[in-house]
Amino acid sequence: MTTAIGEHGVELEIGGMTCASCAARIEKKLNRMEGVTATVNYATEKARVAVAEGSAVTAADLIATVERTGYTATVPEPPAAAEPPAEGPDGRPAGADGEPDDALALLRHRLLVSLALSVPVVLMAMVPPLQFTNWQWLSLTLAAPVVAYGAWPFHRAAWTNLRHGAATMDTLISMGTLAALGWSVWALFFGDAGMPGMTHPFTLTVTRTGGSSAIYLEAAAGVTTFLLAGRYFEARSKRKAGAALRALMELGAKDVAVLRDGREVRVAVAELSVGDRFVVRPGEKIATDGKVVEGASAVDASMLTGESVPVEVSPGDTVTGATVNAGGRLVVEATRVGADTQLARMARLVEEAQNGKAAAQRLADRISAVFVPVVIALAAGTLGYWLATGAGAVAAFTAAVAVLIIACPCALGLATPTALMVGTGRGAQLGILLKGPEVLESTRAVDTIVLDKTGTVTTGVMTLGEVHLAEGVTETEALRLAGALEHASEHPIARAVAAGAAARVGALPTPEEFTGVPGLGVRGVVEGHTVLVGRTQLLAEWSPGLPDGLAAAKAAAEARGRTAVTVGWDGAARAVLVVADAVRPTSAEAVRRLRALGLTPVLLTGDHRAVAESVAAEVGIDEVIAEVLPEDKVAVVARLQAEGRSVAMVGDGVNDAAALARADLGLAMGTGTDAAIEAGDLTLVRGDLRTAADAIRLARATLGTIRTNLFWAFGYNVAALPLAAAGLLNPMIAGAAMAFSSVFVVGNSLRLRRFRALDGAAARG
């Protein structure tokens, strides 16, 4: 490959990373190349590389550098050329051979096999009554496959790192488990441990031992199983890294009715070309970006633009792919297709935002950068010291192995996954989904929370509000006549009027006549009355105009960003109905709770400023950013971050997906689109904005638990290492201490089960 790098750089898919320190190593190697600026994201397993103008570096050079570092790299296919991944029988993405991707399944299999084999090994070592004659040989039979097969990913990663002169937590795990197994094999075959009747008495004395009768099989098997569990849960959360992009691309139409020689021909959207004319019927998605050449309708663009009111279009107006035709038949001329459409550009925004997010450095990996080399050096020093003092090879190797065993992170392997499991389980009960440990650190620092308006602070559904009446007209009469006529229309505003009228006055009559007037409203005959419902222009042709009271009510409603629908019958204007995207009843309380957490709320929307300010005033938000395009939402989040703020974002639409990914913390409403949910870090299943405050509280509590777990896990290692180095660590005490540290970590994590939502009603259990 000699691919040159374009002006926007190149993206590489990285394989073989096992922890955040792997990403840091690759990033460091790439950035050492002349003119190269690289960011490697462990969570998405991608590298985004920019090359200075005039540099001769090619994609092949970048790939070679990554491979020399011990990992794999490829240039992904362009979105336009990439085929959607096939699926296996279980719905998971299939590989090139059509079989499901089994990397996670293999890891799960390793975990289950290791768990089944290691439990009896640990029980026999820790419970003396279970130590029957020759029990130690059964332990070896069970533990050896765990260390060889179960721990293979750790051994492989350690070997890769060793060949490149690096050490990670995988190195320590591999050395510790292999040392424990190796010493146990020596003690069984060449020492006294293999003698029939050998037991491990449970004593709490600290004595120096020769080690020839000590075996560490339970440590080797147990550590492997604990660490495999952590690796499995981490891999499962990372599996969905690209789901936001797939959700975006799947939003578009799959086929389209193209006009060829005056006839409609159904073809795949991929076959559309610029200049093609295609038909969009009511209820259908618009296939691609284009210009209306025939017909008039209302287009629901809320999923892309955040505009709560459908946009009226007529010949000459532009329309966007993936929006929905809510009214009449349209003929559209394609102006942009494929990768040039707004939907495709939004997909690229999401991908770039995800890759640009700083890789979350897990606490264990940060500490292990120093911890691992220190432990290895201490083990080597211990071995050398005892050999030099004439204590003998057995005592020297016993002390050195004890250092590796006691340092091997048993409790550390439980610290993150147990807290995460309990925290996510409790969150699920409360309607909060946390995606993984990478999310938690962001919740600690966030100080600004950006709230999307449509579907987040508001319901996202047009609702009938106030009814203003002319003199002598009753509300029941106005709603019966207007609701009956609007019930026959498919327009979203008409549906809001009809639903509101039916809820207030009951069953609606059936119109004797009905006609839709494109862009203006509807007219017909209801119960003998000639009725018109829609814009003021529709009534102007046969009505003297709105009475002063109705005109004032209409102006006031529109000044607040509401939609005013005029109603007239029998030659006069009789009522003004106010329709709006209703504010959720819990939003004001949610904003108060977010402020109590130290967060500054900001309302962000693609809707008109008057609408946004009205909603903001109702819920208690001071800062409003309105009339923004989807691209602008990302820019707004980036601008707030550039001001030194740590930004959380709450949204539910496709137009929010890129901003959710760009924010330091993305909270997606579960009632929203798949694209938004997959791009977010936290998902609020119930669609109640109050849950956002509970989600941040739970995430912070989970992070605090992980930090406590890590502190005590490492504290145990640090306290026990001197005893091990001095040769004073009895294997049974080591086992008991490791068990206690694990029990402490699990018990501390289980405290998260007592977490309660502030509203109380949502809490269960």
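Keep in mind it's a predicted model, so treat the numbers as computed, not measured. (Residues numbered from 1 in each chain as written. Predicted model: local features only at pLDDT ≥ 70, side-chain atom pairs only at ≥ 80, totals over all residues. Heavy atoms only, no water.)

**Observations regarding the overall build of the protein chain**
Stated precisely, the cut-off is as follows: For helices the rule is a DSSP run of H or I covering at least 4 residues; for strands it is a run of E covering at least 2, with both sets numbered from the N terminus onward. Think of it in three bands: residues with accessible area under 20% of the maximum for their type are buried, residues over 50% are exposed, and the middle band is partly exposed, with areas taken using a 1.4 Å probe on protein chains only. The contact criterion used throughout is that any non-hydrogen atoms of two residues lie within 4.5 Å. Areas reported as accessible are Shrake-Rupley estimates using a 1.4 Å probe. Residue values count occlusion only from the protein chains shown.
Check the secondary structure of the protein chain and you find 26 helices and 26 strands. The buried share of the protein chain, taken over its 765 residues, is 52%. The contacts of the protein chain with a sequence gap of at least 6 include a subset with a gap of at least 24, amounting to 70%. When the accessible surface of the protein chain is totalled, it reaches about 32,000 Å², and 58% of it is carbon and sulfur.

**As for the side chain of Thr-225**
Structurally, the position occupied by Thr-225 is in helix α7 (residues 217–238). When near neighbours in sequence (up to four residues on either side) are disregarded, Thr-225 contacts Leu-111, Ser-114, Leu-115, Ser-118 and Val-146.

**Some details on the packing of aromatic side chains**
The criterion, for reference: Ring geometry is summarised as follows: Phe, Tyr and Trp rings, the Trp one being its six-membered ring, pair when their centres sit within 6.5 Å, and such pairs are stacked at plane angles under 30 degrees, edge-to-face over 60 and tilted between the two. Two conditions define a charge located above a ring, namely a distance within 6 Å from the ring centre to NZ of Lys or CZ of Arg, and an angle within 35 degrees of the ring normal.
This structure, assessed with the given rule, holds four aromatic pairs. With a centroid separation of 4.9 Å and 25 degrees between ring planes, the pair formed by Trp-183 and Trp-186 is classed as stacked. Of this pair, Trp-183 and Trp-186 both sit in helix α6 (residues 169–190), separated by three residues, roughly a single helical turn. Plain terms: the ring middles of Tyr-385 and Trp-386 are 5.2 Å apart, the flat faces sit at 75 degrees to each other, and that makes the pair edge-to-face. The cationic tip of Arg-110 hangs over the ring face of Tyr-149; the distance from NZ or CZ to the ring centre is 4.6 Å.

**Brief notes about the sheet that holds strand β24 (residues 647–651)**
Operational definition: Note: two strands are recorded as paired if DSSP finds a minimum of 2 bridges between them. Angles run from 0 to 180 degrees between N-to-C directions of axes, and those axes are lines fitted to C-alpha atoms, restricted for helices to the stretch in contact.
Ordered in space as β14-β26-β25-β24-β15-β22-β23, the seven strands form an open sheet in which the pairing is mixed. Pairing within the sheet leaves two strands with one partner each, and these edge strands are β14 (432–434) and β23 (623–625). Going from strand to strand, the sheet's axes swing by 20 degrees on average, the running direction of each strand aside. Sheet topology places strand β25 (residues 665–669) next to strand β26 (residues 682–684); three bridges connect them, and they run parallel. Note that in β26 the partner of Leu-667 across the bridge is Leu-682.

**Digging into the packing of helix α4 (residues 135–150) against helix α5 (residues 152–163)**
The criterion, for reference: Every angle not falling under 35 degrees, over 145, or within 65 to 115 is termed oblique; those three ranges are roughly parallel, roughly antiparallel and roughly perpendicular.
Contact pair α4 / α5: the axes reach a minimum separation of 5 Å and the direction vectors enclose 50 degrees. Between α4 and α5, the interaxial angle falls into the category oblique. Between α4, through Val-147, Ala-148, Tyr-149 and Gly-150, and α5, the contact on the second element is made entirely by Trp-152, Pro-153 and His-155.

**What about the UniProt feature "transmembrane region" (unreviewed entry) in the protein chain?**
The criterion, for reference: UniProt positions are given in the numbering used here, feature names are shortened, and annotations may be inferred rather than shown by experiment.
In the numbering used here, UniProt assigns the "transmembrane region" (unreviewed entry) feature to residues 111–129, 135–152, 172–191, 211–230, 367–388, 394–416, 710–726 and 732–750. For the annotated span residues 111–129, helix accounts for 84% and strand for 0% of the residues, and the straight-line distance between the end C-alpha atoms is 28 Å. Within residues 710–726, the helical portion is 94% and the strand portion 0%, while the C-alpha atoms at the span's ends are 25 Å from each other.

**Points about the nonpolar core**
Here is a general trend for soluble globular proteins: nonpolar side chains tend to be buried in one another's company. Note the cut-off: Here, the term nonpolar core denotes a set of buried Ala, Val, Leu, Ile, Met, Phe, Trp, Tyr and Cys residues that are joined through side-chain atoms within 4.5 Å.
Within the largest apolar cluster, 46 residues are counted, with the highest numbers of intra-cluster contacts made by Ile-449, Leu-451, Leu-594, Leu-603, Leu-665 and Leu-667. Element by element, the count of residues in this core is highest for helix α25 (residues 690–725), at nine residues. One finds Ala-180, Met-198, Ala-214 and Ala-221 within the second-largest nonpolar core, a separate group that totals 38 residues.

**Describing a positive patch on the surface**
Let me state the cut-off plainly: A patch consists of residues whose relative accessible area exceeds 30% and which take part in no salt bridge; residues with like charges are grouped when within 9 Å of each other, and nonpolar side chains (Val, Leu, Ile, Met, Phe, Trp, Tyr) when within 5 Å. A side-chain nitrogen of Lys or Arg and a carboxyl oxygen of Asp or Glu constitute a salt bridge if their distance falls within 4 Å. Within this scheme the basic residues Lys and Arg register as positive and the acidic residues Asp and Glu register as negative, but His and the chain ends are omitted. Lysine's charge is taken at NZ, arginine's at CZ, aspartate's at CG and glutamate's at CD.
Taken together, the side chains of Lys-28, Lys-29, Arg-32 and Arg-68 make up a positively charged region of the molecular surface. Mapped onto the fold, Arg-68 is located in helix α2 (residues 59–68). Residue class for Arg-68 comes out exposed when judged on its relative accessible area of 58%.

**Some remarks on the side chain of Asp-581**
Basically, it comes down to this: The definition of a polar contact used here is a pair of N or O atoms within 3.5 Å, where within protein one atom must be able to donate a hydrogen and the other to accept one, and adjacent residues in sequence count solely through side-chain atom pairs.
Looking at where Asp-581 falls in the secondary structure, it is placed in strand β21 (residues 572–583). Among the residues examined, Asp-581 registers a relative accessible area of 9% and is labelled buried. Side-chain polar atoms of Asp-581 contact the side chain of Thr-458, separated by 2.6 Å. At a separation of 3.4 Å, a polar atom in the side chain of Asp-581 contacts the side chain of Thr-459.

**Observations regarding the packing of helix α3 (residues 103–126) against α4**
Stated formally: Crossing handedness is read from the near helix: turned anticlockwise from the far helix by less than a right angle, it gives a left-handed crossing, and turned clockwise, a right-handed one. Any residue outside Ala, Val, Leu, Ile, Met, Phe, Trp, Tyr, Cys, Pro, Asp, Glu, Lys and Arg is labelled polar, Gly included; the first ten of those are nonpolar and the last four are charged.
In the contact formed by α3 and α4, the axes pass within 9 Å of each other and the chain directions differ by 155 degrees. Regarding the angle of α3 to α4, the classification is roughly antiparallel. Relative to α4, the crossing made by α3 is left-handed. Only Trp-135, Leu-138, Ser-139, Leu-142, Ala-143, Pro-145, Val-146, Tyr-149 and Gly-150 of α4 make contact with α3, whose side of the interface consists of Leu-106, His-109, Arg-110, Val-113, Ser-114, Leu-117, Ser-118, Pro-120, Val-121, Met-124 and Ala-125. For the contact of α3 with α4, a count of residues per class yields 14 nonpolar, five polar and one charged.

**A short note on the pairing of strand β1 (residues 10–15)**
Most of β1 sits out of view: five of its six residues are buried. When β1 meets strand β3 (residues 46–51), the two strands line up antiparallel, connected through four bridges. Counterpart to Glu-13 in the pairing with β3 is Lys-46. Where β1 meets strand β4 (residues 72–74), three bridges bridge the pair, whose relative direction is antiparallel. Across the sheet, the residue bridging to Ile-14 is Ala-73, located in β4.

**A word on the sheet that holds strand β6 (residues 263–268)**
With respect to topology, six strands assemble into an open sheet ordered β6-β5-β7-β13-β8-β11, the strand pairing being antiparallel. Every interior strand has two partners, whereas the edge strands, β6 and β11 (318–319), have only one. Summarising the sheet, strand β7 (residues 277–280) and strand β13 (residues 330–336) pair through four bridges and their orientation is antiparallel. Following the sheet pairing, Phe-278 is matched in β13 by Val-332.

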